[in-house]
Amino acid sequence: MCDALKTEDKLGAVLVQVQDDLRQLKCSLEKISVSEKGRTLDIQALDSAIHRTESGIRRHAEDYLKTVNKQLLVLPSIGELQKETEEIPKWKPDLESIPDVHPQKEDLTWDSPGEKHKTALTMRLLYNPTHPNNRAVMHQKFGVPLPDVHKRSAKAVKHQRIITGPTVTFHPIEPKGRHSLAIPEDDMGTVQNTGLLHTLIQHKAASLHPREDSYSSKMGMVGSKSRCHKQLKWETDPGPTHEKTGRESTPPGTTKTPPPSAASKSMDYTGMMQGSNSLISQSPLNLPVQVAVNTSKFPFTIIKGQIDPMATDFCHFKQSFSLCWSSVVDALEALEKLLRDFAVPQAKVSGEQLVEFGHGWDNGWRRAPPVIGLLSVLENWEEVMDLVLRPGQRYKGEGGVEAAAIHIQSCWRRYLARTAYLRHYRRKWAAGTIAISWLMHTQMRRVRKALQARRFRQLENHRSRAQHLAANWKHIQSSKRTIIHIPSLGYSQSQRLSMKGLDVLQNIQIGRLCDIRDQNVDVIYVCPQHLGEDVLHYYTSLLKCDGATEGAETRATQAFMRRFIILTPEAVDYFPTHNMCLSTLLKYSPRTLKRIKYLIQGKQAYIVGGAAHVDDLAVADELGVPILGPEPAIAQLYSTKSGGRRIFTEAEVDVPPGQGDIYSLNQLHETLAELMTQNIDVQRWLFKMDSEHGGRGTAYCDICHLSCYNWALQEYHRYGPKLWNTKWIQETVLLRYLHEIPEWLASYARPAKTSCYPNWACFLKTFLRQGGVVEAFPPSDSVTCLTVDLLLEPGGEVTMLSCGDQLHGSCQMEAIGSTVPQTSVCPETLRPICMRVGQACLQRLIVGYVSVDLATFLNRSTMEQKVWAIDLDLTYSNQLAMTQMLLMMTGGTLNCRTGCLEVPVPVREKSCEHQTAAKVQFYICLQWQF
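The notes below deal with the structure included here. Just so you know, these numbers come straight off a predicted model, no measurement behind them.

A few points about the overall build of the chain
Moving on, step 1. The number of helices and strands found in the chain is 34 helices and 20 strands.
Moving on, step 2. When burial is assessed residue by residue, the chain has 47% of its 930 residues classed as buried.
Moving on, step 3. Sequence separation of 24 or more characterises 72% of the internal contacts of the chain that already satisfy a separation of 6 or more.
Moving on, step 4. Per element, the accessible surface of the chain, about 49,200 Å² overall, is 54% carbon and sulfur.

This is the structure in structure tokens:
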């Protein structure tokens, strides 16, 4: 027994030496270089490396065979491998039993001389359990009867596998726990006394536990014994078996362990111990299947990343695990490199855990070993982990300077790359922004050009139809025609948004329906809001009345209903809060436009609008009818307060002292000071915005609040009216006015309607932005304002349609009604003024309905009546709409030449049939605002 153990120790030593020789061969082959120029292989270096390895292996094998077989064997040369390939049967060796033979490299095969060495062939039969003569040789040489594998039952073949055990005794461990191949010293004596060495050779099929149970037991053991915070799950299944096409053999006389099956590998080395029933029956220990392993049984120390190969603990560990050293050495080298890289002064390694980690290393961690897994094999892993995780520790170890340089370079290159990327990203973003802006600009320009082209085309069509209307006006007026009334207020968007009840203001002129009192006229009235059935019934009943005689028969209902129609654009429901003018709503109402086209098909028709807007041209172009009115650009130019003053001036009509087109504060102060100096008798000055209407954009300031006004009156009376117009006399007063006007306006100027502009500051801001006029209020306590409505026919004639005195409410600058006809000015004086204004408008291509506002008062110095033209509106006025209804209801006529409204007296049924209707002359008050 002692000899057998000594032989086994020598076997382990020989295997370690063979492993070292093969590793040296591997290093020599890796160092062989190929010349760069000629690309030739150094054959001499390769031959020297192979020769040295061959000599070393031959020497170790011969020493071992001398011990085992008492005879000397000679290893063949590598060149004789192919000759002996067919003579010796092939078998698959256990790669783990040959130390440091990697599957990636070509295995060195061993051969025998054949007939000269029968004993060596016999030993090879012992290595191959599947050979038919293996059982006979085992029985002949060692007296060990092996079971016949081929005579097993089918059930045993299905559920069991043959597990061949090694020729050494192992201490059993748990199936899936940490692996231990060491021979415990406490059991060595037991093995020697009981003769277990001979019984280990007997083979028998062993029953295996299910894979699920073994796996769960392994997880439990690993979880209980793990020295890391994270559980380490090592797979114990080895990699795939590498088959060799050539003959594989081991040195003669060495003990070879065949490769285990898949089930036996899951049981690890414990399955080998279970494979021999004789061992279990003869052993007095009765070892269990799972035995807890003492993790500190084979500890050794690594100082500064270097292992002392002569240290007692390391030698003991290396000798105990010599059979699996090939799987441990790589993990050990990786651990040494890690400790050197981080300059760890001392690390205590647990041998059992290192072996366990080495098996996991073989199963797939060869290229990327986990750092936590490497440190888990240390007993002082917490200290080492703290040291490894310390910032900058890597640069204190082996190659730390190079690693630091590499890190600095990588950081700098990363900074440069990041900076370049950000610069590129900003430029790309800027380029994208510029491209999008350019695309939007080009798209907007293209849209603008398209709109300009469309509007220019609409304007050209409007001018063409206007010329046709002017050429045929007399014929159209005397024939059957259709008037399309669109009472649109085409003010600016800011004005429309600030107005409340815009639809109501546009529908005030519903009296335009009364144009049907002319038998040749049909009316299409576009209403800006939906009218209820009661309102429609009211206007239908109102328009049926003849009005000439009381109780007269009404016209036929069906014939009458066809003469007027009220339409509401469908876009009124789509844009309820946009305060669009009626022309814009009609433009976006295709159903209403289609119906109007159907109603005017084949008839003479034209449009009578309200305040001009560019969408009037779009509606007219869509319907194909002319507009009785000026072009929108002309209307916007001369419907302002400054534009009206220019027309009045060219018509040679008296206007209030003042000046228009004021757009700056200095201009306002200088103009006002000059006007106040020249017209010292004016007590109130008015400020009117160009684009406002109806008293909304009017403010006033009384001169009595000016501190230097009394001194200015004294200066005026001292020089007299004749000398006062001299510039050098007025200069002193002008400078005094100019100095005090800013404070005077800021303190005493007031807007006429505070609902629109609550104070002077708000009014002045809008006044300077839009432009305006400064005018003198008539210097009289009794001032009357009147409105005259004119029709500027396209043929060039001017017709007075209505005239009436204005009625004012709480705001003196806003008219809420009028009395028809007017009585303030003599008709002979009023008519020439209106005719001159009308002709001045016709010269500027203004046609259609025009309203002129006049103011009359008595001059105190001469006691003569003066008439000033104060405002011009190029639109159909509210007074004219109410006058049309007045004439419709009364059946009378308004003679503006004489200023008389003649209404026939109705003839009652009881009166004489020959009694004629007497004409009565009276005045009627019209009120159109609520």
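As for the pattern of salt bridges
Moving on, step 1. Considering all chains together, one arrives at 22 salt bridges under this definition.
Moving on, step 2. Residue D341 is joined to K337 by a salt bridge in which the shortest nitrogen-to-oxygen separation is 3.0 Å. A residue pair is termed a helical-turn pair when its members lie 3 or 4 positions apart in one helix, as D341 and K337 do in helix α13 (residues 325–341) at four residues.
Moving on, step 3. The class of D341 is buried, set by a relative accessible area of 10%.
Moving on, step 4. The class of K337 is partly exposed, set by a relative accessible area of 45%.
Moving on, step 5. For E692, the salt bridge identified is with R696, shortest N-O distance 2.9 Å.
Moving on, step 6. Overall, E692 belongs to the buried group, its relative accessible area being 5%.

A look at the sheet that holds strand β3 (residues 481–485)
Moving on, step 1. What the four strands build is an open sheet, ordered β5-β4-β3-β6; its pairing is parallel. Sheet topology places β5 (564–567) and β6 (604–608) at the edges, where each strand pairs with a single neighbour. Along the sheet, successive strands turn relative to each other by an average axial angle of 15°, direction set aside.
Moving on, step 2. The pairing of β3 with strand β4 (residues 521–526) spans five bridges and is parallel.

A word on the packing of helix α12 (residues 312–320) against α13
Moving on, step 1. Orientation of α12 relative to α13, taken along the N-to-C sense of each, is 140°, at an axis distance of 10 Å. If you check the angle between α12 and α13, you find them oblique. Of α13, the residues touching α12 (which contributes F314, F317 and K318) are W325, V328 and L332.
Moving on, step 2. Class assignment of the residues belonging to the contact of α12 with α13 gives a composition of five nonpolar, no polar and one charged.

Some thoughts on the sheet that holds strand β9 (residues 698–702)
Moving on, step 1. Pairing is antiparallel across the open sheet formed by five strands, whose spatial order is β7-β11-β8-β9-β10. A single partner strand is all that each edge strand has here, and the edge strands are β7 (658–662) and β10 (750–751).
Moving on, step 2. When strand β8 (residues 684–689) meets β9, the two strands line up antiparallel, connected through five bridges. Within the sheet, the bridge partner assigned to W685 lies in β9 and is C701.
Moving on, step 3. Of the strands in this sheet, β7, β8 and β11 (772–776) touch helix α29 (residues 665–678), which is tilted by about 170° from β7.
Moving on, step 4. Strands β8, β9 and β10 of the sheet are contacted by helix α31 (residues 727–748), whose axis makes an angle of about 115° with β9.

A closer look at the packing of helix α17 (residues 400–471) against helix α26 (residues 614–623)
Moving on, step 1. Taken N-terminus to C-terminus, the directions of α17 and α26 make an angle of 70°; their axes are 9 Å apart at the nearest point. The angle between α17 and α26 falls in the class roughly perpendicular. Judged by the sense of rotation from one axis to the other, the crossing of α17 with α26 is left-handed. Seen from α17, the contacting residues are Q458, L459, N461, H462 and R465; seen from α26, they are L617, A618, A620 and D621.
Moving on, step 2. Looking at side-chain class alone, the contact of α17 with α26 contains four nonpolar, three polar and two charged residues.

Details of a nonpolar patch on the surface
Moving on, step 1. Together, Y421, L422, Y425 and W429 give the surface a local cluster of nonpolar side chains, amounting to about 460 Å² of exposed area.
Moving on, step 2. By the secondary structure assignment, Y425 is in helix α17.
Moving on, step 3. Judged by its relative accessible area of 47%, Y425 falls in the partly exposed class.

Details of the environment of E692
Moving on, step 1. Structurally, E692 is set in the loop between β8 and β9.
Moving on, step 2. Placed 53 residues apart in sequence, E692 and S639 show a C-alpha to C-alpha distance of 9.7 Å.
Moving on, step 3. Within the local environment of E692, its side chain forms a polar contact with the side chain of Y757, the two groups lying 2.9 Å apart.

Concerning the nonpolar core
Moving on, step 1. I846 and L872 are the most contacted members of the largest nonpolar core, which has 38 residues in total.
Moving on, step 2. If you tally residues by element for this core, the top one is helix α33 (residues 827–843), at eight residues.
Moving on, step 3. Beyond its immediate chain neighbours, meaning those up to four positions away, L872 contacts Y638, S639, G644, I647, F648, V837, C841, V850, S851 and V852.

Focus on the environment of L901
Moving on, step 1. Checked against the element boundaries, L901 lands in strand β18 (residues 900–904).
Moving on, step 2. Using a relative accessible area of 0% as the deciding quantity, one classes L901 as buried.
Moving on, step 3. With 80 residues separating them along the chain, L901 and P821 place their C-alpha atoms 6.5 Å apart.

Some remarks on the pairing of β4
Moving on, step 1. For β4, the tally of buried residues reaches six of six residues, placing the bulk of the element in the interior.
Moving on, step 2. Judged by which residues are buried, β4 turns out to be covered on both faces: V521, V523 and Y525 on one side and D522, I524 and V526 on the other are all buried.

Some points on the pairing of strand β1 (residues 299–303)
Taken residue by residue, a regular strand's side chains alternate between the two faces of the sheet.
Moving on, step 1. Side chains F300 and I302 of β1 all project onto a buried face; the interleaved residues P299, T301 and I303 project onto a face where none is buried.
Moving on, step 2. As judged from the five bridges shared by β1 and strand β2 (residues 346–350), these two strands associate in the antiparallel manner. Its bridge partner lying in β2, P299 is registered against S350.

Structural notes on the packing of aromatic side chains
Moving on, step 1. Tallied over the entire structure, the rule returns 20 aromatic pairs.
Moving on, step 2. Each member of the aromatic cluster is reached from another via a ring pair, and the members are F298, F300, F314, F317, F321 and W325.
Moving on, step 3. It is R684 that lies over the ring of F777; its NZ or CZ is 5.8 Å from the centre.
Moving on, step 4. Taking NZ or CZ as reference, R736 lies 5.1 Å from the ring centre of W711, over its face.

Describing α29
Moving on, step 1. A rise of 1.5 Å per residue sets the reference length of α29, with its 14 residues, at 20 Å; its end C-alpha atoms lie 20 Å apart and thus fit the reference within 8%.
Moving on, step 2. Listing the buried residues of α29 in full gives L668, H669, T671, L672, A673, L675, M676 and T677.
Moving on, step 3. Structurally, α29 contributes buried residues whose contacts are with β7, β8, α30 (709–724), α31, α32 (760–770) and β11.
Moving on, step 4. For α29, the capping residue at the N-terminal end is S664, with a side-chain oxygen 3.3 Å from the backbone nitrogen of Q667.

Criteria and cut-off values
Residues numbered from 1 in each chain as written. Predicted model: local features only at pLDDT ≥ 70, side-chain atom pairs only at ≥ 80, totals over all residues. Heavy atoms only, no water. Helix = DSSP H or I, 4+ residues; strand = E, 2+ residues; numbered from the N terminus. Buried < 20%, exposed > 50% of the residue type's maximum accessible area, 1.4 Å probe, protein only. Contact = heavy atoms within 4.5 Å. Areas by Shrake-Rupley, 256 points an atom, 1.4 Å probe, with all protein chains shown as cover. Salt bridge = Lys/Arg side-chain N within 4 Å of Asp/Glu carboxyl O. Pairing = 2+ DSSP bridges. Axes fitted to C-alpha atoms, helices over the stretch in contact; angles between N-to-C directions. Parallel < 35°, antiparallel > 145°, perpendicular 65-115°, else oblique. Nonpolar A, V, L, I, M, F, W, Y, C, P; charged D, E, K, R; others polar. Left-handed = near helix turned anticlockwise from the far one by under 90°. Patch = residues over 30% accessible without salt bridge, like charges linked within 9 Å, V, L, I, M, F, W, Y side chains within 5 Å. Polar contact = N/O pair within 3.5 Å; in protein donor to acceptor, adjacent residues only side chain to side chain. Core = buried A, V, L, I, M, F, W, Y, C linked by side-chain atoms within 4.5 Å. Phe/Tyr/Trp six-rings, centres within 6.5 Å; stacked < 30°, edge-to-face > 60°. Lys NZ or Arg CZ within 6 Å of the ring centre and 35° of its normal. Expected span 1.5 Å × (residues − 1).

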